[in-house]
Amino acid sequence: APAPAPRVDKVSADNNGPAEQLWLLAASMGGPVAVKEFLDALPVGLPIGFLYAQHIDCSFEKQLPSAVGRHSRWPVRLARHDDFVRTGEVVVVPVNQELNFASGGRMQCMERPWSGSYSPSIEQMMLNLAAEFGRCSGTIVFSGMGEDGSRACAHVAGQGMKIWVQDSQSSTCPSMPDSVRE
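Read on for a plain summary of the structure. Values in this document were obtained by computation on a predicted structure and should not be read as measured data.

This part is about the overall build of the protein chain. Within the protein chain, the regular secondary structure consists of 5 helices and 8 strands. Each helix (α) and strand (β) of the protein chain, taken in turn from the N terminus, gives the series β-α-β-α-β-β-β-β-α-β-α-β-α. The C-alpha radius of gyration computed for the protein chain amounts to 16 Å, which stays within 12% of the reference 16 Å derived for 182 residues, consistent with globular compactness. Out of the 182 residues in the protein chain, the part that is buried amounts to 47%. If you take every contact in the protein chain between residues at least 6 apart in sequence, the share linking residues at least 24 apart comes to 70%. With an accessible surface of roughly 9,100 Å², the protein chain has 54% of that area assigned to carbon and sulfur atoms. Where the 15 positive side-chain charges of the protein chain centre and where its 19 negative ones centre are 6 Å apart.

Right, here's the structure in full:
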């Protein structure tokens, strides 16, 4: 008799439809470690998809999915223009192109860079996400320097976005989650 097929722990996002609930994982300094730890502990089967915005040099963008997705049951991939974020997957937000959404939730990798001091701009990503997904969206702010995202909080919360932050004691650099908390 043939040997049974090996068990695969990763969820296949190819079989999942577009996420109806979309959460942004936002991070800067110390973020990859915190986000990986979060994904490793997260159970599969949740009816959500994630975007991952990481302040990082663009030369490391292509390595981010394997670094953060290593040993995770959540597949991590780079954003693709005119595609959806699917239920059960994590999509890395482009560093050099603003990511927005077309009607219906299709990702739009814009032909323009992010505005502001940070790339990707967590603040702009929060605004873009809340504009399309509203009450079906959320943001989790992980370890990082600076205050990216804090100015958008009141506006996106008014659109129904939920906002969570990493605990200061567990953050490598708590200034970003602390500024959002304030």
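Turning our attention to the sheet that holds strand 3 (residues 76-78). With parallel pairing, the 6 strands of this open sheet are ordered in space as 3-4-2-1-7-8. Unpaired on one side and paired on the other, strand 3 and strand 8 (162-165) mark the two borders of the sheet. The mean angle between the axes of side-by-side strands here comes to 25°, regardless of whether they run parallel or antiparallel. Taken strand by strand, helix 1 (residues 31-41) contacts strand 1 (22-27), strand 2 (49-54), strand 3, strand 4 (90-92) and strand 7 (137-141), and its axis lies near 165° from that of strand 2.

One face of the sheet, then the other: side chains in a regular strand alternate in exactly this way. With 6 of 6 residues buried, strand 2 lies mostly within the body of the structure. With burial as the criterion, each face of strand 2 is covered, one bearing Gly49, Leu51 and Ala53 and the other bearing Phe50, Tyr52 and Gln54. Relative to strand 2, strand 1 runs parallel, the two sharing 6 bridges. Across the sheet, Leu24 pairs through a bridge with Leu51, a residue of strand 2. Following the chain from strand 1 across helix 1 to the adjacent parallel strand 2, one finds a crossover that is right-handed. In this structure, strand 2 lies alongside strand 4, joined through 3 bridges in parallel fashion. Across the sheet, residue Tyr52 finds its bridge partner in strand 4, namely Val92.

About the criteria used
Residues numbered from 1 in each chain as written. Predicted model: local features only at pLDDT ≥ 70, side-chain atom pairs only at ≥ 80, totals over all residues. Heavy atoms only, no water. Helix = DSSP H or I, 4+ residues; strand = E, 2+ residues; numbered from the N terminus. Rg over C-alpha atoms; globule rule 2.2 N^0.38 Å. Buried < 20%, exposed > 50% of the residue type's maximum accessible area, 1.4 Å probe, protein only. Contact = heavy atoms within 4.5 Å. Areas by Shrake-Rupley, 256 points an atom, 1.4 Å probe, with all protein chains shown as cover. Lys, Arg positive; Asp, Glu negative; His and termini not counted. Charge placed at Lys NZ, Arg CZ, Asp CG, Glu CD. Pairing = 2+ DSSP bridges. Axes fitted to C-alpha atoms, helices over the stretch in contact; angles between N-to-C directions. Right-handed = clockwise from strand over helix to strand, strands pointing away.

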